[in-house]
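Okay, here's what each chain looks like letter by letter:
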Amino acid sequence: MKQIILTGDRPTGRLHVGHYVGSLKERVKLQNSKRFDEIYIMIADAQALTDNAEHPEKVRQNIMQVALDYLACGIDPEKSTIFVQSMVPELTELTFYYMNLVTVSRVQRNPTVKAEIQQRNFEASIPVGFFCYPISQAADITAFRATAVPVGEDQLPMLEQCKEIVHKFNTVYGETLTEPEIILPENAACLRLPGIDGKAKMSKSLGNCIYLSDEPETIKKKIMSMFTDPNHLRIEDPGKVEGNPVFIYLDAFCRPEHFTEFWSDYSCLDELKDHYRRGGLGDVKVKRFLNDVMQAELQPIRERRKMWEQRLPELYELLEEGCKVARKKAAETLQEVRHSMKIDYFEDRNLLK
Ligand code: ATP
Ligand code: MG
């Protein structure tokens, strides 16, 4: 069986370091592992419109921004197909058929949908399209016959729902769709990076992000203003490491060589954590170190991004070409789906049989 990746992001803003550690970094690693036959990376504009119906311009503007972030992180257009969701209308048709295989109560039980409804104050007025987005996500994944979906932890319920749809479809209409596997980051700190405000998730919609395109001074300002342990008031006070965003970011970004390079007082992160726990280590010092670590990681990304910003027409063509490739693949799956559902009436004079 072909090994295929499908993953993507909503063009609701530029991408941030949560995306980077939660999914982008993993994608680049998988892309370069040569273990995959096909890789599709989708800019999910149709999904973004489900909760941004009144802001199509915002979605439109961010398509190029997200594509720039991809290339900046090392997505290689020679190895991965980048495309825009709405340019592949086959996905909408698949969604429509899958809707019949899912109950309203099943979507209501999806914990990510529940959390996002609350976050967007949609309780009293959920757009139907937004409510159905887990189903459209299943269409995206299965249209490309994805075997692997590298995403952050918030996508786990979506993948479970997708697997249920695949199972149901194959049971009702015969073996047609491929079941995907989720690929989560191995490092627990990367599963769901908190915001700089300490909120559970760094999210474009919450405005608590460090963006991949942020300038060095902005990154520094954001890090120095970060939420830490609220009870660590004086330097001599013992500090809490668990749940402290500064240490979660260090868990996500710091490597032993960073100590050699930036802070030789310690040999590893555990030593630094022990000192913080004991007391006698101020937040400012730890934040300065985090700033050094993150600047080192983000600098080459920002530079590659700037280089691509000079080549926008090339990027535009690359996206247009990607959409064609993606559409062809999705159309093949849709044809098989129609065949299994026996709604391919005019293929081989099927309606007469
Ligand atoms: P929005 O607020 O518009 O939903 P978002 O910041 O949640 O935006 P998405 O485009 O929904 O971003 O998510 C894209 C991918 O990045 C998904 O795989 C998701 O799991 C992952 N991701 C998003 N935020 C984080 C985070 N804070 N930590 C780890 N992974 C994340
Ligand atoms: Mg999201």
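Definitions and limits used
- Residues numbered from 1 in each chain as written.
- Chains lettered and ligands numbered in written order.
- Predicted model: local features only at pLDDT ≥ 70, side-chain atom pairs only at ≥ 80, totals over all residues.
- Heavy atoms only, no water.
- Near = heavy atom within 4 Å.
- Polar contact = N/O pair within 3.5 Å; in protein donor to acceptor, adjacent residues only side chain to side chain.
- Areas by Shrake-Rupley, 256 points an atom, 1.4 Å probe, with all protein chains shown as cover.
- Helix = DSSP H or I, 4+ residues; strand = E, 2+ residues; numbered from the N terminus.
- Nonpolar A, V, L, I, M, F, W, Y, C, P; charged D, E, K, R; others polar.
- Buried < 20%, exposed > 50% of the residue type's maximum accessible area, 1.4 Å probe, protein only.
- Contact = heavy atoms within 4.5 Å.
- Core = buried A, V, L, I, M, F, W, Y, C linked by side-chain atoms within 4.5 Å.
- Pairing = 2+ DSSP bridges.

K.L.:
Describe the site of ligand 1, with residues and values.
P.N.:
Residues in contact with ligand 1 amount to 23 residues; listed here are only the nearest, T12, D154, K201, S203 and S205. One of the side-chain nitrogen or oxygen atoms of T12 is found 2.7 Å away from an oxygen atom of ligand 1. Note that a nitrogen atom of ligand 1 is positioned 3.0 Å from one of the backbone N or O atoms of M202. Across the complex, the protein chains shield 97% of the 600 Å² of accessible surface that ligand 1 would expose by itself. Those elements that place two or more of their residues in the shell around ligand 1 are β1 (4-9) and α1 (17-33). At four residues, α1 tops the list of elements feeding residues into the shell around ligand 1. Among the residues making up the shell around ligand 1, the classes are represented as five nonpolar, eleven polar and seven charged.

K.L.:
Let's hear about the side chain of D9: which residues, and what values?
P.N.:
Relative to the helices and strands, D9 resides in strand β1. Assessed through its relative accessible area of 8%, D9 is described here as buried. For D9, the side chain forms a polar contact with the side chain of R27, separated by 3.0 Å. Apart from the residues within four sequence positions on either side, D9 is in contact with L15, H19, R27, M42, I43, A44, V66 and Y70.

K.L.:
I'd like to hear about the nonpolar core, residue by residue, with values.
P.N.:
One finds F83 and L272 to be the most contacted residues of the largest nonpolar core, which totals 107 residues. Discounting chain neighbours no more than four positions away, the residues touching L272 are F247, L250, F259, W263, Y266, L281 and F289.

K.L.:
Provide a residue-level description of the pairing of strand β2 (residues 38-43), including the pertinent values.
P.N.:
Summarising burial for β2: six of the six residues are buried, a large majority. Neither face of β2 is open: one carries E38, Y40 and M42, the other I39, I41 and I43, and all of them are buried. Bridge analysis of β1 against β2 gives six bridges, and the strand direction is parallel. Each bridged residue has a counterpart across the sheet, and for D9 the counterpart in β2 is I43. Of the strand pairs in this sheet, β2 and strand β3 (residues 81-84) are connected by four bridges, and their pairing is parallel. Across the sheet, residue M42 finds its bridge partner in β3, namely F83.

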